[in-house]
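Structural overview for review
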Amino acid sequence: APPQLAPAEEGAAPAGELAVGARVRHRALGWTGRLEKLEGEQAEVAVAGKRVKARRGELVAVGDGRPARPSTATAAAQEAAPAELMLLGRRVEEALAELDDFLDRAVQAELREVRVVHGHGTGRLRDALREHLRRHPLAAASRAGAPNEGGNGATVVTLRS
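Overview of the structure. Each chain has its residues counted from 1, running along the sequence as written. Whole-chain, interface and lining totals are the exception, using all residues; otherwise, since this is a predicted model, local features are given only for residues with pLDDT of at least 70 and side-chain atom pairs are given and counted only at 80 or more. Remark: hydrogens and water are excluded; side-chain values derive from all non-hydrogen atoms of the structure.

The next thing to look at is the sheet that holds strand 6 (residues 84-86). Pairs of strands are assigned from DSSP output, requiring at least two bridges between the strands. Helix and strand definitions follow DSSP, with helices as H or I runs of at least four residues and strands as E runs of at least two, each counted in order from the N terminus. The strand order across the open sheet built from 4 strands is 6-7-9-8, with neighbouring strands paired in mixed fashion. The outermost strands of the open sheet, each flanked by one partner alone, are strand 6 and strand 8 (139-144). For this sheet, the mean angle separating the axes of adjacent strands, direction not counted, is 20 degrees. In what follows, a contact means two residues having at least one pair of non-hydrogen atoms within 4.5 Å. The axes are straight lines fitted to the C-alpha atoms, using for helices just the contacting stretch, and the angles between their N-to-C directions are given from 0 to 180°. Against the sheet, helix 2 (residues 92-108) touches strand 6, strand 7 (113-117) and strand 9 (154-159), its axis set at about 160 degrees to strand 7.

At glutamate 110, a residue that is not glycine, the phi angle is positive and equals roughly 65 degrees. Within the element layout of this structure, glutamate 110 appears in the loop between helix 2 and strand 7. Glutamate 110 gets classed as exposed once you look at its relative accessible area, which sits at 68%. Remark: exposure states derive from per-residue accessible area (1.4 Å probe, protein chains only) relative to the maximum for the residue type, with buried under 20%, exposed over 50%, and partly exposed in between.

Bringing the environment of arginine 130 into the picture now. Its location among the elements puts arginine 130 in helix 3 (residues 124-134). Arginine 130 sits in the buried class, given a relative accessible area of 16%. For the pair arginine 130 and alanine 144, spaced 14 residues apart in sequence, the C-alpha to C-alpha distance is 9.0 Å. Those residues in contact with arginine 130 that lie beyond four places of it in its chain are His118, Ala144, Asn152, Ala154 and Thr155. Polar contacts involving the side chain of arginine 130 include one to the main-chain carbonyl oxygen of alanine 154, which spans 3.1 Å. Distance and chemistry together define a polar contact, namely a pair of N or O atoms within 3.5 Å, with one atom able to donate a hydrogen and the other to accept it when in protein, and with adjacent residues in sequence counting only for side-chain atoms on both sides.

Take the nonpolar core next. We call a set of buried Ala, Val, Leu, Ile, Met, Phe, Trp, Tyr and Cys residues a nonpolar core when their side-chain atoms join them within 4.5 Å. In this structure, Leu99, Leu103 and Val157 are the most contacted members of the largest nonpolar core, which totals 18 residues. Those elements that provide at least two residues to this core are helix 2, strand 7, helix 3 and strand 9. In terms of residue count, the dominant contributor to this core is helix 2 (7 residues). With sequence-adjacent residues up to four places away left out, leucine 99 is seen in contact with Leu85, Val116, Leu129, His132 and Leu133. If you look at the next biggest cluster of nonpolar residues, it comprises 8 residues, including Val24, Leu35, Ala43 and Ala54.

The quantities given are spatial measurements derived from coordinates; they are silent on function.
Now the structure itself:
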């Protein structure tokens, strides 16, 4: 059986506040991800490229730059380098910083291709991301997503090996 993380100790102070965009850990199950949505007591977390729903009280913010402990080695690899980055609603400067970090982790995990979801909107974020990728040292090529990949609301990046 895979090793299990102990639930967070009662009274332990969280590493940070629960806020959209923060890294969070599920207290009982041990998985980690990025908090994508928080409405009342309901939360939605991006975990290894998937969206997982949880109650607010089941989550604890993990901060200070240290990677959170995953429950299995496989989860660690997926958490370290998911194949998709969600940037919906981000400002350009914030999105470009996240993109750089995402590409670094993807190359370290030896991924060949990743998808960046930026949405349609006004096109400002899409255009800035694609321009940034044209000069990015880790990006061999980039293209608009195919219809089944998000169309023009996503950009698929081929990474240098």
